[in-house]
Amino acid sequence: MTRYFTQDHEWIEIDGQTGTVGITDYAQSQLGDITFVELPEPGTTVRKGDAPCVVDSVKAASDVYAPVSGTVSESNAALADEPELVNTSAEVGGWLFRLTLSDPTELGGLMDRAAYDAFVEGL
Amino acid sequence: MSDTYENSDETLADELEVLTLPLDAWHRAQGARMVQFAGYWMPVQYDGIIAEHVWTRAHAGLFDVSHMGQLLVSGDAAAAALETVLPIDLANLAPAAPRYSLLLDDAGGILDDLMLTRRNDGFYLVVNGATKWDDIGHLREALPDDVTLNHLADHALLALQGPAAAAALERVATGDRAVADLRFMQGGPFTLAGVPVWISRSGYTGEDGFEISLPADAAAAVADLLCAQPEVKPIGLGARDSLRLEAGLPLYGHDLSPETSPVEAGLGFAINRRRRATGGFPGAERVLSELAHGVGRQRIGLALEGRQAAREGAKVYHENKLVGEVTSGGFSPSLGHPIALAYCASAHAAPGTQLEIEVRGKRLPARVVSLPFVPHRYHR
């Protein structure tokens, strides 16, 4: 499985045609305490750059963009009762939603881990 | 991911040079995340907003509010002149007792809210950081030449808030009397870390606590001394906002503005019987009429179910009718659900009324509740 990153601090992990999307640990550290996550319904069609998900922290609500286009197949039900999973486990248990990719070539425009780490280092 | 919905106090500041406060290096050394606010770099959080919020409600938190404007108005004619600018009653204001007042425009709109204390050296005012330069201009214009306005720009302002604040401060403050003997809304001169300071028992969290005005060059030593007390941790602006929201206290620029009047804002208590009788302050015609006849809309508290917060600008509905707008909102760490302040048509403002708030295309149920959301625990 391969994981890619965006300049907007989302990650997407690819397993065949399915991508699991979350925000990075850096992103959660910037947002602070997360109190609510508005998740997309399965079946929702999203285009790369759409904002199908919103993460609420104590101080602000932040859009989460789709790193690539596709159809939402699942969202992380555990976040309804435990939105703080996005703080404690942003890149594992705090995943947000899964997509069935409609155009895997879009992955070519994303960063790998090393490039993302360098990007964050430069912020 | 992006902070699309964040209330942007930073927008204007972005275009100007961002200034630093006396404790800038101190905050960074404590691990604070610094943000731009009211034209300054300020600490938004250290350990995390919820942890800091909960700590302040249980123990004591130290807040740096040195961005606020500290002013001194003096001269024989100062009291009479201030009464023409503010709806305050200085004839019946005891020395050293801070009182809440409002800077109003001629139409009764709120230009700022402030605290005023009669001291030996004059009238000491604390005004909001984002409005202080406008306030100074407004006051210089309104006050006669024989009244002196000094901006105490060489002073810092700290707030120590929480149920353990008195015990912590008592251990380190010396003076003619014990700091713990002050009651809510009383103040006086004390010494802290060898430095003369002015302490009042007041604050912006709903908790017992103190506000400490001190020379800026002593701020780091005093902050170190206070944070060395086991009850005390530094607290950022994020928790300051969530604490004041739970306490139902309005924030200027959000819940108060030139578009809101004191009576709409629920601040009629700031205009006492004498000033209601005499008038003679800016906007008196409107304010006195609203006190007598009521207002069409008013500031209310709303409690939301679930976890999704409503933020400033969200529209409030009663059935399908637009009846108001949220002016501040967020998740309440103490209550475990979101809360909001809103202006709402008076017909739908009674506690218990069921309303709805529109957030990103969805209607969230919200119930009108009386303020404060979390009971005040002042030392009266």
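Not measured: the values here are computed from a predicted model.

Calculation notes
Residue numbering note: each chain is counted from 1, following its sequence as written. Think of it this way: whatever chain is written first is A, whatever ligand is written first is 1, and the rest follow in order. Confidence filtering applies because this is a predicted model: local features only for residues at pLDDT of at least 70, side-chain atom pairs given and counted only at 80 or more, and all residues used for totals across whole chains, interfaces and linings. Each helix is a run of H or I in the DSSP string that is no shorter than four residues. Each strand is a run of E no shorter than two, and both are numbered from the N terminus. Within these notes, the globule rule equals 2.2 Å times the number of residues to the 0.38 power, and the radius of gyration is based on C-alpha atoms. Between the buried cut of 20 or more and the exposed cut of 12 or fewer other C-beta atoms within 10 Å of a residue's own C-beta lies the partly exposed class, and all C-beta atoms are placed from the backbone. Strand pairing is assigned whenever DSSP identifies at least 2 bridges connecting the two strands. Axis geometry follows a simple rule: fit a line to the C-alpha atoms, using only the stretch in contact for helices, then measure angles between N-to-C directions, giving values from 0 to 180 degrees. Small angles under 35 degrees read as roughly parallel and large ones over 145 as roughly antiparallel, with 65 to 115 read as roughly perpendicular and the rest as oblique. The handedness criterion is simple: a crossing whose near helix is rotated anticlockwise from the far helix by less than a right angle is left-handed, and one whose near helix is rotated clockwise is right-handed. Contact between two residues is assigned when their C-beta atoms, built from the backbone, lie within 7 Å. Nonpolar cores are built from buried Ala, Val, Leu, Ile, Met, Phe, Trp, Tyr and Cys residues. These are joined into a set through C-beta atoms within 7 Å. A residue's pLDDT is simply how confident the predictor is in it, with values from 0 to 100.

Draft legend 1. Structural detail: the overall build of chain A. Each helix and strand counted, chain A has three helices and nine strands in total. If you list the helices and strands of chain A from N to C, you get β-β-β-α-β-β-β-β-β-α-β-α. Taken against the 2.2 N^0.38 rule, which gives 14 Å for 123 residues, the C-alpha radius of gyration of chain A at 13 Å falls within 12% of a compact globule. Taking the principal axes of its C-alpha atoms as reference, chain A extends roughly 35 × 35 × 20 Å.

Draft legend 2. Representation of the overall build of chain B within the structure. Across its full length, chain B carries ten helices and 20 strands. The C-alpha atoms of chain B give a radius of gyration of 20 Å, which matches the 21 Å a tight globule of 380 residues would have. By principal-axis analysis of the C-alpha atoms, chain B measures approximately 60 × 50 × 45 Å. Here chain B, with 380 residues, has 48% of them falling under the buried criterion.

Draft legend 3. Structural detail: the sheet that holds strand E9 (residues 97-101) of chain A. Residue and element names in this part refer to chain A. The antiparallel open sheet is built from six strands, whose spatial order is E1-E2-E3-E9-E8-E5. The two strands at the open ends of the sheet, each matched to only one other strand, are strand E1 (2-5) and strand E5 (45-46). When strand E8 (residues 70-75) meets E9, the two strands line up antiparallel, connected through five bridges. When the bridges of E9 are listed, Ser75 appears paired with Phe97.

Draft legend 4. Examining the sheet that holds strand E7 (residues 122-127) of chain B more closely. All names here are of chain B. Spatial strand order, E5-E6-E7-E4-E8: five strands in an open sheet with antiparallel pairing. Every interior strand has two partners, whereas the edge strands, strand E5 (99-104) and strand E8 (148-151), have only one. Neighbour to neighbour, the strand axes of the sheet diverge by 30° on average, direction disregarded. Where strand E4 (residues 69-74) meets E8, four bridges bridge the pair, whose relative direction is antiparallel. In the sheet register, Ser74 faces E8, and the bridge partner there is Thr148.

Draft legend 5. Geometry of the packing of helix H3 (residues 49-58) of chain B against helix H8 (residues 237-246) of chain B. Residues and elements named next belong to chain B. At their nearest, the axes of H3 and H8 sit 8 Å apart, and the two run at 55° to each other. In terms of orientation, H3 lies oblique with respect to H8. Crossing angle aside, the handedness with which H3 passes H8 is right-handed. Contact with H3, carried on its side by Ile49, Glu52, His53 and Thr56, involves Gly238, Ala239, Ser242 and Leu243 of H8 and no other residues of that element.

Draft legend 6. Fine view of unusual backbone geometry. Residue and element names in this part refer to chain B. Cis geometry marks the peptide bond from Leu371 to Pro372, where omega comes out at 0°. Backbone geometry at Ala38 places phi at a positive 55°, although glycine is not the residue there. Tracing the backbone through its elements, the reader meets Ala38 in the loop between strand E1 (33-37) and strand E2 (40-45). With phi around 50°, Glu319 is a residue other than glycine that occupies positive phi space. With 9 C-beta atoms packed within 10 Å, Glu319 lands in the exposed category.

Draft legend 7. Local environment of the interface of chain A and chain B. Taken together, the 21 residues of chain A in the interface contact 19 residues of chain B. Every element with two or more residues in the side of chain A that touches chain B is listed here: strand E4 (34-38), strand E6 (53-57) and strand E7 (61-64) of chain A. The leading source of residues in the side of chain A that touches chain B is E7(A), at four residues.

Draft legend 8. Spotlight on the pairing of strand E12 (residues 195-200) of chain B. Residue and element names in this part refer to chain B. One ladder, built from six bridges, connects strand E11 (residues 187-192) with E12; its direction is antiparallel. Each bridged residue has a counterpart across the sheet, and for Thr191 the counterpart in E12 is Pro196. Hairpin connection between E11 and E12: a loop of two residues separates the two successive antiparallel strands, and Ala193 in this loop has a positive phi of roughly 55°.

Draft legend 9. Up close: the environment of A:Glu13. All names here are of chain A. Checked against the element boundaries, Glu13 lands in strand E2 (residues 10-15). Here Glu13 falls in the partly exposed class, since 16 other C-beta atoms lie within 10 Å of it. In this structure, the C-alpha to C-alpha distance between Glu13 and Glu91, residues 78 residues apart in sequence, is 9.7 Å. Those residues in contact with Glu13 that sit more than four places away from it in its chain are Met1, Arg3, Gly19 and Thr20.

Draft legend 10. Focus on the nonpolar core. Ranked by size, the top nonpolar core spans 95 residues in total, and within it B:Leu158, B:Leu160, B:Leu302 and B:Ile357 carry the most contacts. No other element matches strand E18 (residues 337-345) of chain B, which puts six residues into this core. Counting 33 residues, the second-largest nonpolar core is a separate cluster that includes A:Val54, A:Leu79, A:Ala90 and A:Tyr116.

Draft legend 11. Structural view of the pairing of E5(B). All names here are of chain B. Taken across its six residues, E5 has five buried, putting it largely inside the fold. For E5 and strand E6 (residues 110-119), the ladder comprises six bridges, and the chain directions are antiparallel. In the strand pairing of E6, Ser101 is matched with Leu114. Between E5 and the antiparallel strand that follows it, E6, lie five residues; Gly108 among them carries a positive phi value of about 85°.

Draft legend 12. Spatial organisation of the confidence of the model for chain B. All names here are of chain B. Mean pLDDT for chain B: 95, with 96% of residues reaching 70 or above. In the model, residues 6-13 has pLDDT below 50 throughout and makes eleven contacts with residues more than four positions away in sequence or in other chains. We note a pTM of 0.94 for the whole complex and an ipTM of 0.87 for its interfaces.

Draft legend 13. Region of interest: the environment of A:Asp8. Considering the arrangement of structural elements, one finds A:Asp8 in the loop between E1 and E2. You can call A:Asp8 partly exposed: it has 17 C-beta atoms within 10 Å. Here the alpha-carbon distance between A:Asp8 and A:Val64, two residues 56 residues apart in the chain, equals 8.2 Å. Other than its neighbours up to four places away in sequence, A:Asp8 contacts A:Tyr65, B:Met1 and B:Ser2.

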